[in-house]
Amino acid sequence: MPVNGKTKSVPMRRCVGCMGQFEKKLLIRVVRAPDGTVSLDFSGKKSGRGAYICKSTSCLKKAIKSKRLEKNLECAIPEEVYNRLEGELSDNE
């Protein structure tokens with residue numbers, strides 16, 4: 001519903017697994033902080049370079065196989081981050 005005659009824009013982001021474009025709130029953000037640490041960001045507000053992935057294990061497998069997360073974040077992704085992502089995705093299914 002428009003507010004004051006204007007429609008609110010919905011932020012869209014691209015999944016690094018399937019390369020589909022979705023609403024930001026439907027994706028999981030992986031962020032490389034300015035100090036170089038890589039973590040999951042469920043709030044979407046942590047500072048740093050971010051990459052987004054769908055909440056599906058097939059997208060995660062594609063992203064791991066093609067190393068798209070590493071390319072997007074321009075650093076190596078620790079195994080713990082992949083394990084936590086897999087855990088989050090298995091909880092959602």
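Just above, that's the structure.
Residues numbered from 1 in each chain as written. Predicted model: local features only at pLDDT ≥ 70, side-chain atom pairs only at ≥ 80, totals over all residues. Heavy atoms only, no water.

### Observations regarding the pattern of salt bridges
Reasoning step 1: Enumeration over the complete set of coordinates arrives at four salt bridges.
Reasoning step 2: Its salt-bridge partner being Glu23, residue Lys25 comes within 3.8 Å of it at the nearest N-O pair.
Reasoning step 3: Lys25 sits in the exposed class, given a relative accessible area of 65%.
Reasoning step 4: We note a salt bridge from Asp41 to Arg29, for which the minimum N-O separation is 2.7 Å. Of this pair, Asp41 sits in strand S4 (residues 38-41) while Arg29 sits in strand S3 (residues 28-32), and the two are twelve residues apart along the sequence.
Reasoning step 5: Its relative accessible area of 8% is what places Arg29 among the buried residues.
Reasoning step 6: Through salt bridges with shared partners, a single ionic network connects Arg32, Arg49 and Glu74. (Salt bridge = Lys/Arg side-chain N within 4 Å of Asp/Glu carboxyl O. Buried < 20%, exposed > 50% of the residue type's maximum accessible area, 1.4 Å probe, protein only. Helix = DSSP H or I, 4+ residues; strand = E, 2+ residues; numbered from the N terminus.)

### Describing the environment of Leu73
Reasoning step 1: Mapped onto the fold, Leu73 is located in helix H2 (residues 68-73).
Reasoning step 2: Look at Leu73 and you get buried, because its relative accessible area is 0%.
Reasoning step 3: Along the backbone, Leu73 and Arg49 are 24 residues apart, and their C-alpha atoms lie at a distance of 6.3 Å.

### Things to note about helix H1 (residues 57-66)
Reasoning step 1: Among the residues of H1, those classed as buried are Cys59, Leu60 and Ala63. One side of H1 holds all its buried residues, which, seen down the axis, span an arc of 100°. Away from its buried face by more than 90 degrees, H1 exposes Lys61 and Lys65. (Arc of directions from axis to C-beta.)

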